[in-house]
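Observations on chain architecture
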Amino acid sequence: MSLQTVVGGVALACVAGRAEAADPRLRVHIPQRSYAEALIDLALQANVSILGTAACGPGGQVELSGRFTLKEALDRLLAGAPCDYRVVDAGTVRITRLRPRLRDEPEAPAEQPPPLVSEVVITATKRPVALERLPAGASVLPRDQIEATGATDVSGAVGQLAGMLTTNLGPGRNKLLVRGVSDGAFTGRTRSTVSTYLDDAPINYNAPDPDLRLVDVDRLEALRGPQGALYGSGSIGGVYRIVTRKPDLQQPEMGASASLATTRGGSTSRALDGYLSVPVIKDHLGVRLVAYDEVQGGYLDDVNLRITNVDQTRRSGGRLAVRVRFDSHWSLDTLAASQHLRSDDTQYVTAAMTSSPRSLAIAAEAGASGGTGGAPDDRRNRVQETHNNDFSYAGATLTGEFSWGAVTSSTSYVHHVFSSQYEGTDAGLNFPAIATDLGVYFEKARINLLVEDVVVRSAGAGPFQWLLGVYGARSLEKSPSTLDFLAPGSSATAYDENRKNRLFEYALYGEGSYQLGDGWTVTVGGRAFESRVHTTADLTISSPFGPRTFDGRRNSKGFSPKITLQREFANGDLVYALVSEGFRPGGLNTSGFQPIRSTRVDFAPDRLRNYELGAKFRRLDNRLSVRVAAYYDDWSNIQSDRYRPSGLAYTANVGDARILGLEGEVGYDLPFGLSLRLNGLLTDSKVRHPNPDFDQPVTPELPGAPKTSGGLLVVYRRPIGSALTLRLIGEGSYVGRSVLSFDSTASPPMGHYLRARLSAELSNQTWRLAAYVSNPLDDSSDTFAYGNPFSFGSVRQLTPQRPRTVGVRLSAAF
């Protein structure tokens, strides 16, 4: 059963297990904690779901040890508490506030807004753990915070997640970076450094992030640092997990929202989304539907094409979730999801170009057709550099819950198709026999990924906890690419590659935790893995080159360990030490006009080992929460996607690196409705032992890894009368300076910018009306110094922030 937690309204502690009809006695050990924290401990140890623990408030100091029925444990923990409980079904307990006091009773204090610093449970560890007791760097964004801050996708959420950044090539083209673990800004054959999950299933390999729109999402979870022991290859930087809301088996739910925005100098943006949850058979079968459609208006003008606001993006999709509870032991969750994203053009400009009288004239012409004109920048491309990113997913998770623990089987299938088009005229210099007035390069990837992951774990009670898993994955990627040249009266295909990549991965993994006493716990785990890659390619290349074929294989196997030692004090403070590893398998290169050098045909696996010290504590009646971690990463044989002078991509092992880092998150609730959240990351990287086969000097630091980054969220909540609530929200994040790639001769600086968003919201129990402004200072700093691989070496490419955007959003939930 999935665990769901909503900060500030609902805290849900959910584990696989059940409450027997005979209500057997449970072995419980709960040290002294607040009411809410004690209830979460009880949920973890009794294998039940407890909803609404925030109703008990931040106070209270209770403890419990011995053998009790579930009812006895609840009665003892909540004796004298400002909350009560109700058993909903065999595996669910709901916590509610006590009834209003009678007239002759003392008046209760005014109800305060729900705290921002609430107890949170995270399930990205493949078993439920309270966030404050997890010996690792982790963050959770609950649903209310996602909606309040207008985070419609990962780009809008990263500023609220410590240590997490994203590139800014454009919607559906970006890659995630965590803790400065960056292999460069380009996306090619190498596996991603951050593994993205939709519920229990991985959804990316070497593709850019699918950029799923965050509609009807329960929460976002981020695990920082390598997660090779539990998640395998592709998680050397961390794990980013989207947890969707599941069908409600008790009562129907529905909601919808609509938004409209205008960008300075650009066209109008709009979005419409909605959800519906229906309990078809109460307590046994439920269905949840989600649908959305969004248009992000463009704001750049292309002078040559005579198109204003050329970079418009449209994103539409939906989900269908079905939950079946067979009995008190077994349940099944299925999910089908699909999204189509199309960008009409890229969003970069070149440094030499500024708004011209001609572009302003074109903008005036377009004003009659609906554009607002006056875009802040223009460029002179000769083709629209379009991008499509189509994502489809089907998955099923079967969970068996027993008194001893649980077994979970997750099966998923991902069909991911994405394509990009670039102007490639500069590559015509390689083909003197072809008339090359205009060059167009088109690349496409079609990925089919099938994954099975079976996890068996113990219940939450007792000094020894364990987890065992078996993992298997099969991936087939077909990636054709062509380079065509056009001239008056003629056209020719100079380069045509059809590549197939087959990947098989198998793993056996597990971990065990033992409580040593006096608050000390040691955890040891690891993953034994094997991956097999088979790559074939057929290339047809015009003179002076020639056709060729490729057929190669590469196998990787190894073991990725994890060790943690933690101590939890009686007041809930936690200190920990962690050693963990991540890895990525090797692969094979095929692209290029000329045959590939033998030293560059394949690229070797890389590995990152993390040494980490951290602390988590809460003070001031749990209104202050602090989480800090210092880490040292040793990264060997770094894989990096690069571009040849021709503009075609390949992957190479650049060298080794070490990373020093310090990250922190602080949350504080003031008693008058003001909540603050601050996160920050300081990193220092150094590239060592550069690969002697590398043609150009290597940068001394990792590219795309600024030394400083961080974010601030301020929320003020105030009731207006008896029915309305006013909420004011300010959000800002800073990304420091960095360079683009490992090549020090072609690695322009970028970054050193501030992203900001201000909003005001008025709501009641059903409706919400919000107005917002993003980029209020209209900052145009360079967020990403790249756009086109074929002209990258000849012109400076810049990606400014989206200009100041003002919008409104109306939503309702029933």
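Residues numbered from 1 in each chain as written. Predicted model: local features only at pLDDT ≥ 70, side-chain atom pairs only at ≥ 80, totals over all residues. Heavy atoms only, no water.

Moving on: the overall build of the protein. The helix and strand inventory of the protein stands at six helices and 46 strands. For 814 residues, the compact-globule estimate of 2.2 N^0.38 gives 28 Å, and the C-alpha radius of gyration of the protein, at 27 Å, lies within 12% of that figure. Counting only C-alpha atoms and orienting by the principal axes, one finds that the protein spans roughly 95 × 60 × 50 Å. The buried share of the protein, reckoned over its 814 residues, is 60%. With an accessible surface of roughly 31,600 Å², the protein has 58% of that area assigned to carbon and sulfur atoms. Looking at the protein, you have 87 positive and 85 negative side-chain charges, and the mean spots of the two groups are 2 Å apart. (Helix = DSSP H or I, 4+ residues; strand = E, 2+ residues; numbered from the N terminus. Rg over C-alpha atoms; globule rule 2.2 N^0.38 Å. Buried < 20%, exposed > 50% of the residue type's maximum accessible area, 1.4 Å probe, protein only. Areas by Shrake-Rupley, 256 points an atom, 1.4 Å probe, with all protein chains shown as cover. Lys, Arg positive; Asp, Glu negative; His and termini not counted. Charge placed at Lys NZ, Arg CZ, Asp CG, Glu CD.)

A few words now on the packing of aromatic side chains. Considering all chains together, one arrives at 18 aromatic pairs under this definition. Judged by centre distance (6.0 Å) and plane angle (55 degrees), the ring pair of phenylalanine 431 and phenylalanine 485 falls under tilted. Taken together, the residues span a long stretch of sequence, with phenylalanine 431 in the loop between strand S24 (405-423) and strand S25 (438-458) and phenylalanine 485 in strand S26 (residues 464-487) at a distance of 54 residues. Phenylalanine 485 carries the same exposure label as phenylalanine 431, and that label is buried. (Phe/Tyr/Trp six-rings, centres within 6.5 Å; stacked < 30°, edge-to-face > 60°.)

Let us now look at the confidence of the model for the protein. Summing up the model confidence of the protein, the mean pLDDT is 87 and the portion of residues at 70 or higher is 90%. By mean pLDDT, the top-scoring element of the protein is strand S17 (residues 285-296) (98), and the lowest-scoring one is helix H6 (residues 357-367) (39). Predicted confidence is poor over residues 101-117, with pLDDT under 50, and the contacts of this stretch with residues over four places away or in other chains come to 28 contacts. Long-range and interchain partners of residues 353-376, a stretch whose pLDDT sits below 50, account for 47 contacts in this model, where long-range means more than four residues apart. (pLDDT = per-residue confidence, 0-100. Contact = heavy atoms within 4.5 Å.)

This brings us to the environment of alanine 336. Looking at the secondary structure, you find alanine 336 in strand S20 (residues 330-343). With a relative accessible area of 35%, alanine 336 lands in the partly exposed category. When the C-alpha positions of alanine 336 and tyrosine 413 are compared, they lie 9.6 Å apart, and in sequence the two are 77 residues distant. Non-local contacts of alanine 336, meaning those with residues more than four positions away in its chain, are made with Gly318, Arg319, Leu320, Tyr393 and Ala394.

Moving on to a nonpolar patch on the surface. A cluster of nonpolar side chains, namely Met254, Leu276, Val278, Val280, Ile281, Leu289, Leu320, Trp767, Leu769, Leu810 and Phe814, defines an oily patch on the protein surface of about 990 Å² accessible area. Of all the secondary-structure elements, those providing two or more residues to the nonpolar patch are strand S16 (268-281) and strand S44 (767-774). If you tally residues by element for the nonpolar patch, the top one is S16, at four residues. Relative to the elements of secondary structure, leucine 276 occurs in strand S16. (Patch = residues over 30% accessible without salt bridge, like charges linked within 9 Å, V, L, I, M, F, W, Y side chains within 5 Å. Salt bridge = Lys/Arg side-chain N within 4 Å of Asp/Glu carboxyl O.)

So, about the pairing of strand S27 (residues 490-517). When S26 meets S27, the two strands line up antiparallel, connected through 24 bridges. Across the sheet, glycine 472 pairs through a bridge with tyrosine 506, a residue of S27. Taking the residues between adjacent antiparallel strands as the criterion, S26 and S27 are bridged by two residues, where glycine 489 takes a positive phi near 80 degrees. Where S27 meets strand S28 (residues 520-541), 22 bridges bridge the pair, whose relative direction is antiparallel. What sits directly across from leucine 503, in S28, is valine 533. The hairpin formed by S27 and S28 contains two residues between the paired strands, and aspartate 518 there has a positive phi angle of roughly 55 degrees. (Pairing = 2+ DSSP bridges.)

Okay, the sheet that holds strand S14 (residues 238-244) next. Pairing in this open sheet of five strands is mixed, and the strands run S8-S13-S14-S11-S12 from one edge to the other. The open sheet has two edge strands with one neighbour each: strand S8 (137-142) and strand S12 (201-202).

A few words on the pattern of salt bridges. In the structure shown here, the tally under the stated rule is 53 salt bridges. For the salt bridge of arginine 727 with aspartate 144, the shortest nitrogen-to-oxygen distance reads 2.9 Å. Separated by 583 residues along the polypeptide, arginine 727 in strand S40 (residues 724-735) and aspartate 144 in helix H3 (residues 143-148) bring together distant segments of the chain. Since its relative accessible area comes to 25%, aspartate 144 is described here as partly exposed. For lysine 707, the salt bridge is made with aspartate 684, and the minimal N-O distance between the two is 2.8 Å.

Another aspect to go through is the state of the cysteines. If you walk through the whole model with that rule in mind, you get one disulfide. One disulfide bridge connects cysteine 56 with cysteine 83, the sulfur atoms lying 2.0 Å from each other. As the torsion about the S-S bond is roughly 95 degrees, the cysteine 56-cysteine 83 disulfide counts as right-handed. Of this pair, cysteine 56 sits in the loop between strand S2 (49-51) and strand S3 (62-68) while cysteine 83 sits in strand S4 (residues 83-89), and the two are 27 residues apart along the sequence. Classification of cysteine 56 by relative accessible area gives buried; the value is 3%. (Disulfide = S-S within 2.5 Å.)

Let us now look at the packing of helix H1 (residues 35-46) against helix H2 (residues 70-77). H2 packs onto H1 with a crossing angle of 170 degrees between their chain directions and a minimal axis gap of 11 Å. Taken as axis vectors, H1 and H2 run roughly antiparallel relative to one another. Together, Tyr35, Ala38, Leu39, Leu42 and Ala46 of H1 and Leu70, Ala73, Leu74 and Leu77 of H2 make up the contact between the two elements. When its residues are assigned to classes, the contact of H1 with H2 shows nine nonpolar, no polar and no charged. (Axes fitted to C-alpha atoms, helices over the stretch in contact; angles between N-to-C directions. Parallel < 35°, antiparallel > 145°, perpendicular 65-115°, else oblique. Nonpolar A, V, L, I, M, F, W, Y, C, P; charged D, E, K, R; others polar.)

Time to look at H2. Residues of H2 that are buried include every one of Leu70, Ala73, Leu74 and Leu77, and no others. Around the axis of H2, the buried residues are gathered within 95 degrees of arc, so they sit on the same side. (Arc of directions from axis to C-beta.)

Taking 1.5 Å per residue as the helical rise, H1 with its twelve residues ought to reach 16 Å, and the 16 Å between its terminal C-alpha atoms agrees with that figure. Most of H1 sits out of view: twelve of its twelve residues are buried. (Expected span 1.5 Å × (residues − 1).)

Within the secondary structure, leucine 78 is located in the loop between H2 and S4. In this structure, the C-alpha to C-alpha distance between leucine 78 and alanine 36, residues 42 residues apart in sequence, is 9.7 Å. Apart from the residues lying within four places of it in its own chain, the contact partners of leucine 78 are Leu39, Cys56, Cys83, Asp84, Tyr85 and Ile95.

Attention now goes to the environment of threonine 708. Among the structural elements, threonine 708 can be located in strand S39 (residues 708-720). A relative accessible area of 34% places threonine 708 in the partly exposed class. Taking the C-alpha atoms as reference points, threonine 708 and glycine 661, separated by 47 residues in sequence, lie 9.9 Å from one another. Among all residues touching threonine 708, those that are not within four sequence positions of it are Leu681, Leu682, Tyr734, Val735 and Gly736.

Here strand S30 (residues 574-584) pairs with strand S33 (residues 606-619) via eleven bridges, running antiparallel. Opposite serine 580, over in S33, you have asparagine 610 as the bridge partner. Direction of pairing for S33 relative to strand S34 (residues 624-636): antiparallel, over a ladder of 13 bridges. Pairing of lysine 616 across the sheet is with arginine 627, part of S34.

The peptide bond linking serine 543 to proline 544 adopts the cis configuration, its omega dihedral lying at 15 degrees. Within the fold, proline 544 resides in the loop between S28 and strand S29 (548-568). Even without being glycine, aspartate 199 reaches a positive phi, approximately 55 degrees. Along the polypeptide, aspartate 199 turns up in the loop between strand S11 (194-198) and S12. When its relative accessible area of 9% is taken as the criterion, aspartate 199 is described as buried.

Another aspect to go through is the side chain of serine 139. Along the chain, serine 139 turns up in strand S8. Polar side-chain contacts of serine 139 include one of 2.6 Å to the side chain of arginine 224. Ignoring any residue separated from it by four or fewer positions in sequence, one finds serine 139 in contact with Ile122, Leu131, Leu161, Ala162, Leu220, Glu221, Ala222, Arg224 and Glu665. (Polar contact = N/O pair within 3.5 Å; in protein donor to acceptor, adjacent residues only side chain to side chain.)

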